[in-house]
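So you can see what is in the structure, the chains are spelled out below.
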Amino acid sequence: MAAAEPKPPARADAARLLARGCWSAFWDYETPKVIVVKNRRLGVVYRAVQLLILLYFVWYVFIVQKSYQDSETGPESSVITKVKGITFSEHKVWDVEEYVKPPEGGSVFSIITRIEVTPSQTLGTCPESMRVSNATCDSDKDCVAGQLDMLGNGLRTGRCVPYYQGSAKTCEVSGWCPVEDGASVSQFLGKMAPNFTILIKNSIHYPKFQFSKGNIEHRKDGYLKRCTFDEVSDLYCPIFKLGFIVEQAGENFTELAHTGGVIGVIINWDCDLDLAASKCNPKYSFRRLDPKHVPASSGYNFRFAKYYKMNGSATRTLIKAYGIRIDVIVHGQAGKFSLIPTIINLATALTSIGVGSFLCDWILLTFMNKNKVYSHKKFDKMVDPPELTAEPELSTSEPSRQDSTLTDPRGLAQL
């Protein structure tokens, strides 16, 4: 008799089954099992959560935030300003060359509305200001020669001398004399200041979208010479009266002119570039920037001097100026439809709807009366079959197809 052919080893069969399972897992499609729980209250909660999530994404994310657009914030911007007008004080007429500092016409400038002038200061010795700490004295012993106070007006000589008026005495200093509060004269320039006109030329550029625009209308009929700003009829005539700016900021002009202050002119360019370029318009707002309710830091003033020669001696006029500082601030955001953020936000919306299922599953498996029954229905507990070994020979009969066994099917019968 011919010798019987050797049976293939058990390990080869096991490897073949494993390979077949791997290919099956690669080509087969798997879908999660759906369980319908007939519970009206739970169903209402589930649909309500889904509806709220859907409304949030449709209304807020896509309509309000326009998350289907690619966006760019902080446009490239340039600002040029020009002030016109004349005013007068008790002693002279002032033109724009004198009351605007600095004169270059940048985005930050000051309009002087009140000054305190100390004329004809020369280098010499004079009494120190009484505003300086430890400046008052009774005798020379109270004044230390060579002492320099950083908040004072000069180097102390060591002498105690009478003050400019009254019977008080202060330590003598060497510096520009007389000191500021000893001979200053106040002058108010704000009588005509509300009628000063300020031209604010602004142009912006969004480099991502190659979009540029300016805030002046392109006309050749002398439009800018006869217009002033109006939000409805003259939006592209950026000529503002100073009084209008202060009023829109909610301030009293006379009070502000005496103490000084900082007013912000905010230009906002929010542009939806899916629409026509004519729909991208500037929006102006005005507000006071310095804290007027904090006396220590409210108001605005600065000092400057004008130098000249008198009888061969260096002389200067010191001016302490109070004014309204204008800060032009430009910001904005541009957006345009883009496929990538649209897909990302749609995927986020569809994924977020699953929060309703998670919430209802948690309620179902935690707080419902039959939570154990629902748990048995939702989760199948499986037991692994015994591993194949190489020692026994494989039977010629068909191998068992049962790979797992339900350990507790009772929950199914209770539903």
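Criteria and thresholds
Residues numbered from 1 in each chain as written. Predicted model: local features only at pLDDT ≥ 70, side-chain atom pairs only at ≥ 80, totals over all residues. Heavy atoms only, no water. Helix = DSSP H or I, 4+ residues; strand = E, 2+ residues; numbered from the N terminus. Buried < 20%, exposed > 50% of the residue type's maximum accessible area, 1.4 Å probe, protein only. Contact = heavy atoms within 4.5 Å. Areas by Shrake-Rupley, 256 points an atom, 1.4 Å probe, with all protein chains shown as cover. Phe/Tyr/Trp six-rings, centres within 6.5 Å; stacked < 30°, edge-to-face > 60°. Lys NZ or Arg CZ within 6 Å of the ring centre and 35° of its normal. pLDDT = per-residue confidence, 0-100. Core = buried A, V, L, I, M, F, W, Y, C linked by side-chain atoms within 4.5 Å. Axes fitted to C-alpha atoms, helices over the stretch in contact; angles between N-to-C directions. Parallel < 35°, antiparallel > 145°, perpendicular 65-115°, else oblique. Left-handed = near helix turned anticlockwise from the far one by under 90°. Nonpolar A, V, L, I, M, F, W, Y, C, P; charged D, E, K, R; others polar. Expected span 1.5 Å × (residues − 1). Arc of directions from axis to C-beta.

### Examining the overall build of the chain
Then step 1. The number of helices and strands found in the chain is 10 helices and 16 strands.
Then step 2. Counting every position in the chain, which comprises 415 residues, the buried fraction comes to 35%.
Then step 3. At a minimum sequence separation of 6, the contacts of the chain that also span at least 24 residues come to 68%.
Then step 4. Put simply, the chain shows about 26,900 Å² of open surface, and 57% of that area lies on carbon and sulfur atoms.

### A few points about the packing of aromatic side chains
Then step 1. One pass over the full model with this rule turns up 15 aromatic pairs.
Then step 2. With centroids separated by 5.0 Å and ring planes inclined at 70°, the aromatic side chains of Phe229 and Tyr284 adopt a geometry described as edge-to-face. Taken as a pair, Phe229 in the loop between β11 (211–214) and β12 (239–241) and Tyr284 in strand β14 (residues 283–288) lie far apart in primary sequence, 55 residues in all. No difference in accessibility class separates Phe229 from Tyr284, as the two residues are buried.
Then step 3. Of the aromatic side chains, those joined through ring pairs into one cluster are Phe229, Phe240, Phe244, Tyr284 and Phe286.
Then step 4. Above the face of the Phe304 ring, Lys101 is positioned so that its terminal group lies 4.8 Å from the ring centre.

### Details of the confidence of the model for the chain
Then step 1. Per-residue confidence for the chain averages 84 on the pLDDT scale, and 84% of its residues sit at or above 70.
Then step 2. Contacts from residues 389–415, a stretch scored under 50 in pLDDT, to residues over four places away or in other chains number 28 contacts.

### Looking at the nonpolar core
Then step 1. In this structure, Tyr99, Leu242 and Ile326 are the most contacted members of the largest nonpolar core, which totals 50 residues.
Then step 2. Aside from chain neighbours lying at most four places away, what touches Ile326 is Ser107, Val108, Phe109, Leu242, Ile245, Ile263 and Val265.

### Structural notes on the packing of helix α2 (residues 40–64) against helix α8 (residues 354–366)
Then step 1. Running from N to C, α2 and α8 cross one another at 155°; their axes reach a closest spacing of 8 Å. What the angle tells us is that α2 and α8 run roughly antiparallel. As for the relative orientation of α2 and α8, their crossing is right-handed in sense. Touching Leu42, Val45, Tyr46, Val49 and Ile53 of α2 are Val355, Gly356, Ser357, Leu359, Cys360, Ile363 and Leu364, all from α8.

### Some words on the packing of helix α7 (residues 339–352) against α8
Then step 1. Following both chains from N to C, one finds α7 and α8 inclined at 20°, their axes separated by 4 Å at the closest point. Comparing the axis directions of α7 and α8 gives the class roughly parallel. Residues Leu350, Thr351 and Ser352 of α7 touch α8, and the partners they reach there are Gly354, Val355 and Gly356.
Then step 2. Taken together, the residues that form the contact of α7 with α8 break down as 2 nonpolar, 4 polar and no charged.

### Comments concerning the environment of Ser297
Then step 1. Inspection of the secondary structure assignment puts Ser297 in the loop between β14 and β15 (301–310).
Then step 2. Exposure remark for Ser297: the relative accessible area of 39% places this residue in the partly exposed category.
Then step 3. Here Ser297 is in contact with Asp290 and Pro291, once residues within four sequence places are set aside.

### Observations regarding the environment of Arg159
Then step 1. Examined against the element boundaries, Arg159 turns out to sit in strand β7 (residues 154–162).
Then step 2. Take Arg159: its relative accessible area is 46%, and that puts it in the partly exposed class.
Then step 3. Considered as a pair, Arg159 and Ala145 are 14 residues apart in the sequence and their alpha carbons are 7.7 Å apart.
Then step 4. When near neighbours in sequence (up to four residues on either side) are disregarded, Arg159 contacts Asp140, Cys143, Thr170, Cys171 and Glu172.

### Comments concerning α8
Then step 1. Spanning 13 residues, α8 covers 18 Å between terminal C-alpha atoms, matching the ideal 18 Å at 1.5 Å per step.
Then step 2. Buried residues of α8: Gly356, Cys360 and Leu364, and no others. Viewed along the axis of α8, the buried residues span an arc of 65°, placing them on a single side of the element.

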